[in-house]
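# Residue-level structure breakdown
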Amino acid sequence: MFLPLLSRDTFWLSQCFFTFLFCLFEQDRHTYYISWHWSIACVCIAIGFIGTFQSLHWQGALLYSVPALFLHRRKPEWIGIADVYFLGFFGSLLGMHRMMIAVLISALFGLLWSAFRQKKMIAYVSCLCIGVWISYVKGYYLWDILFSLLSTF
């Protein structure tokens, strides 16, 4: 299904990454809790990303995790530490541009989640997994569309 979208050398790593995103989505959606065991899978994925086609983007990790960490320290009931951790992790994998697309998509899904579920708390990591999946597959294409829309103003 994803073979036309991705090159053959990254196909199997991408399939593992998509499976990881789906399992993380389901875990957060059902329990609203992410255990520390997920960090083992995150380290394995990061090692796979370094070895195949790209290095980790530290500026993407810092840009999204540091403000979230300050928000968590100020208002821990608004954002959990798992949200901060995964914003940094996915930011390091995707980079600044694709992560911006992922955060915009996840914010949209978060708003839809809260509107349909009628709950005060949303599973933001689940929403972030949807945004990361879309951004991983078509992130630069969506970034070009967003940038061209914003440049017309």
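Located above this text is the structure these notes cover.
This text gives an overview of the structure that appears in the document. Everything quoted here is computed from the prediction, not taken from an experiment.

Definitions and limits used
- Residues numbered from 1 in each chain as written.
- Predicted model: local features only at pLDDT ≥ 70, side-chain atom pairs only at ≥ 80, totals over all residues.
- Heavy atoms only, no water.
- Core = buried A, V, L, I, M, F, W, Y, C linked by side-chain atoms within 4.5 Å.
- Buried < 20%, exposed > 50% of the residue type's maximum accessible area, 1.4 Å probe, protein only.
- Helix = DSSP H or I, 4+ residues; strand = E, 2+ residues; numbered from the N terminus.
- Contact = heavy atoms within 4.5 Å.
- 1 Å grid on protein atoms, 1.4 Å probe; cavity = no way out; pocket = protein on both sides within 12 Å on 5 of 7 lines; lining within 4 Å.
- Points joined across faces, edges and corners; volume = space filled by probe spheres on them.
- Nonpolar A, V, L, I, M, F, W, Y, C, P; charged D, E, K, R; others polar.
- Disulfide = S-S within 2.5 Å.
- Expected span 1.5 Å × (residues − 1).
- Bend = angle between axes of the 7 residues up to and from the residue.
- Patch = residues over 30% accessible without salt bridge, like charges linked within 9 Å, V, L, I, M, F, W, Y side chains within 5 Å.
- Areas by Shrake-Rupley, 256 points an atom, 1.4 Å probe, with all protein chains shown as cover.
- Salt bridge = Lys/Arg side-chain N within 4 Å of Asp/Glu carboxyl O.

## What about the nonpolar core?
Judged by nonpolar contacts, the single largest core of 35 residues is most densely connected at Phe 17, Phe 20, Leu 24, Phe 86, Phe 89 and Phe 90. Elements represented by at least two residues in this core include exactly helix 1 (11–31), helix 2 (38–52), helix 3 (58–74), helix 4 (81–94), helix 5 (96–117) and helix 6 (124–151). With near-sequence residues (within four places) excluded, Phe 20 lies in contact with Trp 38, Ala 41, Cys 42, Ile 45, Phe 86, Phe 89 and Phe 90.

## Things to note about the side chain of His 72
Among the structural elements, His 72 can be located in helix 3. A relative accessible area of 16% means that His 72 is categorised as buried. Once residues lying within four places of it in the same chain are set aside, the contact partners of His 72 are Ile 79, Gly 80, Ile 81 and Val 84.

## Some points on the layout of surface pockets
Of the volumes computed, that of the largest pocket is approximately 360 Å³. Lining the largest pocket are 17 residues, and of these Ile 79, Gly 80, Asp 83, Met 121 and Ile 122 lie nearest its centre. Secondary-structure elements contributing two or more residues to the lining of the largest pocket are helix 4 and helix 6. Taken together, the residues of the lining of the largest pocket break down into twelve nonpolar, one polar and four charged. The volume enclosed by the second largest pocket comes to roughly 230 Å³. As for the second largest pocket, its lining consists of 14 residues, of which Leu 87, Val 103, Ser 106, Ala 107 and Tyr 124 are closest to the centre.

## Comments concerning unusual backbone geometry
The backbone of Tyr 32 sits at a positive phi, close to 55 degrees, despite the residue not being glycine. By the element assignment, Tyr 32 lies in the loop between helix 1 and helix 2.

## A look at the state of the cysteines
For the structure on display, the rule yields zero disulfides. Here Cys 44 is not cross-linked by a disulfide; its sulfur's nearest cysteine counterpart is in Cys 42, at 9.3 Å.

## Side note on the environment of Leu 94
Following the sequence through the fold, Leu 94 ends up in helix 4. Between the C-alpha atom of Leu 94 and that of Ser 135, which follows or precedes it by 41 residues, the distance is 8.1 Å. What Leu 94 contacts, discounting residues up to four positions off in sequence, is His 57, Met 99, Ala 102, Val 132, Ser 135, Tyr 136 and Tyr 140.

## Describing helix 6
Note: α-helices contain 3.6 residues per turn, so residues at a spacing of three or four share the same orientation. For helix 6, which comprises 28 residues, the first-to-last C-alpha distance of 30 Å sits more than 12% below the rise-based estimate of 40 Å (1.5 Å per residue). In the structure, helix 6 departs most strongly from a straight axis at Lys 138, where the bend amounts to approximately 85 degrees.

## Remarks on a nonpolar patch on the surface
On the surface, a nonpolar cluster with roughly 420 Å² of combined accessible area is contributed by Leu 108, Phe 109, Leu 112 and Phe 116. The residue Leu 112 is located in helix 5 in this model. Judged by relative accessible area, Leu 112 falls into the partly exposed class, the value being 38%.

## Side note on the pattern of salt bridges
Under the counting rule described, the total for this entry stands at one salt bridge. Note that Arg 29 and Glu 26 form a salt bridge whose closest N and O atoms lie 2.8 Å from each other. Residue Arg 29 and its partner Glu 26 are both found in helix 1; the two are separated by three residues, about one turn of the helix.

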